[in-house]
Amino acid sequence: MQTKLHHWATEEPGRRFGDLHNLVYDPAFLVHAWERVSTNKGAKTPGIDKATAAQIETWIGVEAFLSQIRDSLKSGEFRPVEVRQVMIPKGKSGELRKLGIPTVTDRVVQASLKLVLEPIFEADFKPSSYGFRPNRRAQDAISEIHIFGTNKYEWVLECDIKACFDEISHTALMDRLRVRIKDKGICALVKAFLKSGVFTELGDREESLTGTPQGGLCSAEHKDPNEQCWVMRSDGWLGLVGAGFGGERCA
C-alpha cells in the first residue's frame, strides 16, 4: 500500500488524498508500528504513564494492546496524552534542549500515522534533501558536498531555523498537510498530537500552542534521552555556491 501511495503522489502532484484514516488502524500497519517502536532504543523510556514497551508486552500482551488501539482509533475515541518533558544537553554549548517523550501508545499511533503519510509527502521532496528521510543520512549529504566541491563549487552556506521544533506554527503545519490530505480523520489526529500538551519535569502542565515536541516519531526518530545521535537536522539546510554558478541545496 505504501508503494501505491507513493506512486499516486508522484504521478499526481496536485492530488489530495482521502480515505486514509482506516489505514492508520489497519492491523498490518499497527503491527509494523509496534515493531518499530518496541525495537527502538527509546522503547526503554516511558511517557507520563511510566509504561515501557517491555512492560506492556508482559502485562497486557502485544495483541491485546494493539487491539485496544485499533478499537479507539476506529471509534474516534482515541486522544493522545501529554508528553513527558526532559531537558538534555544541546551539543557542547552548555545549553539544554527540550525533549518530549510520548507514551508508548501514542508512539505506536504516531508510527502508524507516519507509515501512511510518509510515502505521500516523500514524493514532494527534492533529491537534494536528506534530513530525516528514509534510506538517507547525513553521510549521504556530505558525499554530495564532496562531489560538488570537485566541480567548481567554492562556498558552503549553512543556515539554521532557530527553535524550529519549539516555535513552528500549528496553522502553517496544518495548512501544509491539507495541501495533500483531505481526510478529516487524519487531519484531526495530527492536530490532536500537536495540541496534546506537555508535562514538565516539575510536574506542571503546559499547553502546546506552537511547535511539536522533539522525541516523538512525528518530529524525528525517537531515541533514549541519553543516547541522542547527531543527524542532519530538518530545521536547517546547507547550500553550495560556485563562481558563476547558482546555488545548490544539499540538505
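What counts and how
Residues numbered from 1 in each chain as written. Predicted model: local features only at pLDDT ≥ 70, side-chain atom pairs only at ≥ 80, totals over all residues. Heavy atoms only, no water. Axes fitted to C-alpha atoms, helices over the stretch in contact; angles between N-to-C directions. Helix = DSSP H or I, 4+ residues; strand = E, 2+ residues; numbered from the N terminus. Parallel < 35°, antiparallel > 145°, perpendicular 65-115°, else oblique. Left-handed = near helix turned anticlockwise from the far one by under 90°. Contact = heavy atoms within 4.5 Å. Nonpolar A, V, L, I, M, F, W, Y, C, P; charged D, E, K, R; others polar. Core = buried A, V, L, I, M, F, W, Y, C linked by side-chain atoms within 4.5 Å. Buried < 20%, exposed > 50% of the residue type's maximum accessible area, 1.4 Å probe, protein only. pLDDT = per-residue confidence, 0-100. Phe/Tyr/Trp six-rings, centres within 6.5 Å; stacked < 30°, edge-to-face > 60°. Pairing = 2+ DSSP bridges.

Enquirer: What's the story with the packing of helix α6 (residues 104–122) against helix α10 (residues 184–194) in this structure? I'm lost.
Expert: What describes two packed helices is the angle between their axes and the distance between those same axes. Direction vectors running N to C along α6 and α10 enclose 135°, while the axes themselves pass 12 Å from each other. If you check the angle between α6 and α10, you find them oblique. The chirality of how α6 crosses α10 is left-handed. Contacts from Asp-106, Val-109, Gln-110, Leu-113 and Leu-117 in α6 reach Ile-186, Leu-189, Val-190 and Phe-193 in α10. Residues that form the contact of α6 with α10 fall into these classes: seven nonpolar, one polar and one charged.

Enquirer: Is there a simple way to explain the nonpolar core in this structure?
Expert: Soluble globular proteins: nonpolar side chains tend toward being buried together. Counting residues in hydrophobic clusters, the biggest one holds 40 residues, and the most contacted among them are Leu-20, Val-108 and Ile-181. Looking at this core, the elements with two or more residues in it are α1 (2–11), α2 (21–24), α3 (27–38), α4 (53–59), α5 (62–75), α6, α9 (170–180) and α10. The element best represented in this core is α6, accounting for 10 residues. Not counting chain neighbours up to four residues away, the residues in contact with Leu-20 comprise Leu-5, Val-116, Ile-120, Ile-181, Asp-183 and Ile-186.

Enquirer: Would you mind showing me how to read the environment of Leu-30 here?
Expert: Mapped onto the secondary structure, Leu-30 falls in helix α3. Residue classification places Leu-30 among the buried residues on the basis of a relative accessible area of 2%. Put simply, Leu-30 and Val-109 are 79 residues apart on the chain and 7.6 Å apart in space, counted from C-alpha to C-alpha.

Enquirer: Explanation requested: the confidence of the model for the protein chain in the structure shown.
Expert: Low pLDDT means the predicted coordinates in that region are not meant to be read closely. When pLDDT is averaged along the protein chain, the result is 84, and 85% of the positions lie at 70 or above. pLDDT under 50 marks residues 220–235. Its contacts with residues more than four places away, or in other chains, come to 45 contacts.

Enquirer: Got a minute to help me understand the packing of aromatic side chains in this structure?
Expert: Two numbers describe a pair of aromatic rings. These are the distance of the centres and the angle of the planes. All chains considered together, the criterion is met by three aromatic pairs. Aromatic pair Phe-78 and Phe-193: ring centres 6.1 Å apart, planes at 50°, arrangement tilted. Note that Phe-78 is positioned in the loop between α5 and β1 (83–89) and Phe-193 in helix α10, a separation of 115 residues in sequence. Take Phe-78: its relative accessible area is 10%, and that puts it in the buried class. Here Phe-193 falls in the buried class, since its relative accessible area comes to 8%.

Enquirer: Would you explain the sheet that holds strand β2 (residues 96–101) in this entry?
Expert: Either a parallel or an antiparallel arrangement is found when strands of a sheet pair, and the pairing is made through backbone hydrogen bonds. The strand order across the open sheet built from four strands is β2-β1-β4-β5, with neighbouring strands paired in mixed fashion. Pairing within the sheet leaves two strands with one partner each, and these edge strands are β2 and β5 (205–206). In this structure, β1 lies alongside β2, joined through six bridges in antiparallel fashion. Paired with Met-87 across the two strands is Lys-98, which belongs to β2.

Enquirer: So what exactly am I meant to see when it comes to the packing of α5 against α6 here?
Expert: Contact pair α5 / α6: the axes reach a minimum separation of 11 Å and the direction vectors enclose 65°. In this view, α5 runs roughly perpendicular relative to α6, as classed from their interaxial angle. α5 and α6 meet at a crossing whose hand is right-handed. For the pair α5 and α6, contact is made by Phe-65, Leu-66, Ile-69 and Leu-73 and by Val-104, Thr-105, Val-108 and Val-109, respectively. Split by residue class, the contact of α5 with α6 holds seven nonpolar, one polar and no charged.

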